[in-house]
Amino acid sequence: MAREHVDVLIVGAGLSGIGAGCRLQQRCPGKSFAVLEARGAIGGTWDLFRFPGVRSDSDMFTLCYPFRPWSGSRAIVDGSSILDYLRQTAREHGIEQKIRFHHRVVGAEWSSGDARWTVEVERGATGETVHLTCGFLFTCTGYYRYDEGHTPDLEGVERFGGEIVHPQFWPEDIDYGGKRVVVIGSGATAVTLIPALARRAGHVTMLQRSPSYIIALPAIDPIAGLLGHILPKRLAYPIVRWKNVQLALAIYNFSRRRPAGMRRLLRRLLARRLPPGFDVDTHFNPRYEPWDQRMCIVPDGDLFDAISDGRASVVTDRIETLTERGLALAAGAELEADLIVTATGLEMVPFGGIRLSVDERDVDLGAALVYRGMQISDVPNMAFAFGYTNQSWTLGADLTCEHVCKLLNHMDRRGYATCTPRHPDPALAAVPFADLTSGYVLRAIDRFPKQGSEDPWQREQNHARNLRSMRKAPIEDPALEFAASGGV
Ligand SMILES: Cc1cc2nc3c(=O)[nH]c(=O)nc-3n(C[C@H](O)[C@H](O)[C@H](O)COP(=O)(O)OP(=O)(O)OC[C@H]3O[C@@H](n4cnc5c(N)ncnc54)[C@H](O)[C@@H]3O)c2cc1C
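Remember, it's a predicted structure, so these values are computed and weren't measured experimentally.

It is worth spelling out the pattern of salt bridges at this point. Scanning the entire structure with this criterion turns up 31 salt bridges. We note a salt bridge from aspartate 175 to arginine 200, for which the minimum N-O separation is 3.3 Å. Residue aspartate 175 is found in the loop between strand 8 (163–165) and strand 9 (180–184), and its partner arginine 200 is found in the loop between helix 5 (188–198) and strand 10 (203–208); the two are separated by 25 residues along the sequence. On the basis of relative accessible area, arginine 200 is assigned to the partly exposed category, the value being 45%. The partner of aspartate 378 in a salt bridge is arginine 422, and the shortest N-O contact between them spans 3.0 Å. One end of the pair, aspartate 378, is in the loop between strand 22 (375–376) and strand 23 (382–384); the other, arginine 422, is in the loop between strand 24 (418–421) and helix 12 (439–444), with 44 residues separating them in the sequence. For arginine 422, a relative accessible area of 27% corresponds to the partly exposed category.

Attention shifts here to a positive patch on the surface. Side chains of Arg258, Arg264, Arg268 and Arg272 sit close together on the surface and give a patch of like positive charge. Positionally, arginine 264 belongs in helix 8 (residues 259–273).

Axis separation between helix 1 (residues 15–27) and helix 11 (residues 393–414) bottoms out at 9 Å; the angle between their running directions is 35°. Both helix 1 and helix 11 take part in a crossing whose hand is right-handed. Residues Leu15, Ser16, Gly19, Ala20, Arg23, Leu24 and Arg27 of helix 1 pack against Trp393, Thr394, Ala397, Asp398, Cys401, Glu402, Cys405, Leu408 and Asn409 of helix 11. In terms of residue class, the contact of helix 1 with helix 11 is built from 8 nonpolar, 4 polar and 4 charged.

This paragraph deals with a nonpolar patch on the surface. A grouping of Phe254, Leu265 and Leu269 is seen on the molecular surface, where their side chains present a nonpolar patch of about 220 Å² in accessible area. When you line up the elements, phenylalanine 254 lands in helix 7 (residues 233–257). A residue is classified by how much of its surface remains accessible, and phenylalanine 254, at 33% relative accessible area, is partly exposed.

What follows concerns the site of the ligand. Taken together, 30 residues lie around the ligand, and Ser16, Glu37, Asp57, Ser58 and Tyr146 are the ones closest in. One of the side-chain nitrogen or oxygen atoms of serine 16 is found 2.5 Å away from an oxygen atom of the ligand. At 2.5 Å, a backbone N or O of aspartate 57 approaches an oxygen atom of the ligand. When the ligand is considered free in solution it has 970 Å² of accessible area, and contact with the protein chains removes 95% of it. Taken together, the elements giving at least two residues each to the shell around the ligand come down to helix 1, helix 2 (45–48), strand 4 (103–111) and strand 7 (144–149). Examining the composition of the shell around the ligand, we find that 3 residues originate from one element, strand 4, more than from any other. Residue classes in the shell around the ligand are distributed as 14 nonpolar, 12 polar and 4 charged.

Rules used in this analysis
- Residues numbered from 1 in each chain as written.
- Predicted model: local features only at pLDDT ≥ 70, side-chain atom pairs only at ≥ 80, totals over all residues.
- Heavy atoms only, no water.
- Salt bridge = Lys/Arg side-chain N within 4 Å of Asp/Glu carboxyl O.
- Helix = DSSP H or I, 4+ residues; strand = E, 2+ residues; numbered from the N terminus.
- Buried < 20%, exposed > 50% of the residue type's maximum accessible area, 1.4 Å probe, protein only.
- Patch = residues over 30% accessible without salt bridge, like charges linked within 9 Å, V, L, I, M, F, W, Y side chains within 5 Å.
- Areas by Shrake-Rupley, 256 points an atom, 1.4 Å probe, with all protein chains shown as cover.
- Lys, Arg positive; Asp, Glu negative; His and termini not counted.
- Charge placed at Lys NZ, Arg CZ, Asp CG, Glu CD.
- Axes fitted to C-alpha atoms, helices over the stretch in contact; angles between N-to-C directions.
- Left-handed = near helix turned anticlockwise from the far one by under 90°.
- Contact = heavy atoms within 4.5 Å.
- Nonpolar A, V, L, I, M, F, W, Y, C, P; charged D, E, K, R; others polar.
- Near = heavy atom within 4 Å.
- Polar contact = N/O pair within 3.5 Å; in protein donor to acceptor, adjacent residues only side chain to side chain.

Following this line, the structure appears as structure tokens:
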């Protein structure tokens, strides 16, 4: 039986997959494509995460698509506004009709003889397995598992009399009004949740093993507000977007080059927002350098307000065991709790867990190198969308989509059927794909392809530089092997 064939198969209908569909339509109008989505809804991250207060922690002027500018002056917005924005974009650009829901891609086999991928798909609705073929595979699957979050082993879980919830699976009907809540964790999710929970809970305790860097930024961008009044949107938006790209980069670069200076600056800013006598050094002075791990953003310092008002507090200690009433800590104290929230992170997974093979040989992702942050060495006709760790995801993902379109158009013009990045030099020093030391990154990074130490095998965490290099880079690159038909 003939299998359905599309020119490009996009996997995932989150921010990246919707953006990829829009870009393909704009720049490669002749290409047929479909979007396969494992879940029953679009939006990915912004549909899955429903915990109280869920919001962006990068500004919307850079998190939005450049072809659909964010209007308004609010830079940090709640998750439902982001989801609405994604749904509207998909609707306006006709991407909704291209999405097949409940289609989980489990494997993709490349055949050089046929110059195409055969993709194995599990249909969630019926449980059946179907196969499609495509000329180019574009994975927009994010970077973490949807079916599981990370929860460390907590001794005594069975004893605890209250409820335990992971933010990735927030129950809609949970009632925490007036209750004692302990949030375990110190990352972006914990600092987002705590002020939101503190509005209704009896008290919220942030229980962290070690602190993270936290920076307060205005939820409303004053410059966006001003420019929005004096300039037309089409002029104001690129200025604000570029200003925010540069600002995020400046904070990152200053942190990398002058870590001691950045640490002092952040400490001074924090101390000003916290009540007199607050032990800043124990609770907000991390062991690592600024930007060794993602920096947490709190809009308008809402976390510090909750602490100053006494609605939230911070405990820095290790958990010995859970008890009937709460958590026994290493220093001897017991924290009583009705609800424990394990904001302990994500489980990272490369390319949505899709098993890849090329000419019947499994691809060993951990041994592969990433070309221009979007293709995998020795894997033909495939790209993946990945954002930055220090700036808005969309900046990186959209740049990749642009480049994929350029590549596809180039292949059509030259009559190429395949494009394969090849290792330039086996001795090339390979480094991890993400240079963060966060637990969730370290736990999984070996399963991701590596990057090299120089262009085009390096993906810098610098959007301005990547933009220049990707836009200038010729598609015909010695690191890419093109062939007119299969059998490379
Ligand atoms: C709580 C939270 C807050 C965040 N805040 C920010 C922020 O403020 N700024 C920022 O830049 N980034 C943020 N991020 C990172 C965030 O993931 C990106 O902003 C962005 O949403 C990633 O989009 P994506 O489409 O690449 O991946 P996702 O949003 O993860 O979407 C991937 C989609 O692919 C589907 N999929 C996965 N595997 C398969 C498969 N095998 N077959 C079929 N479908 C599959 C999934 O079901 C999902 O719909 C945040 C992440 C989290 C968890």
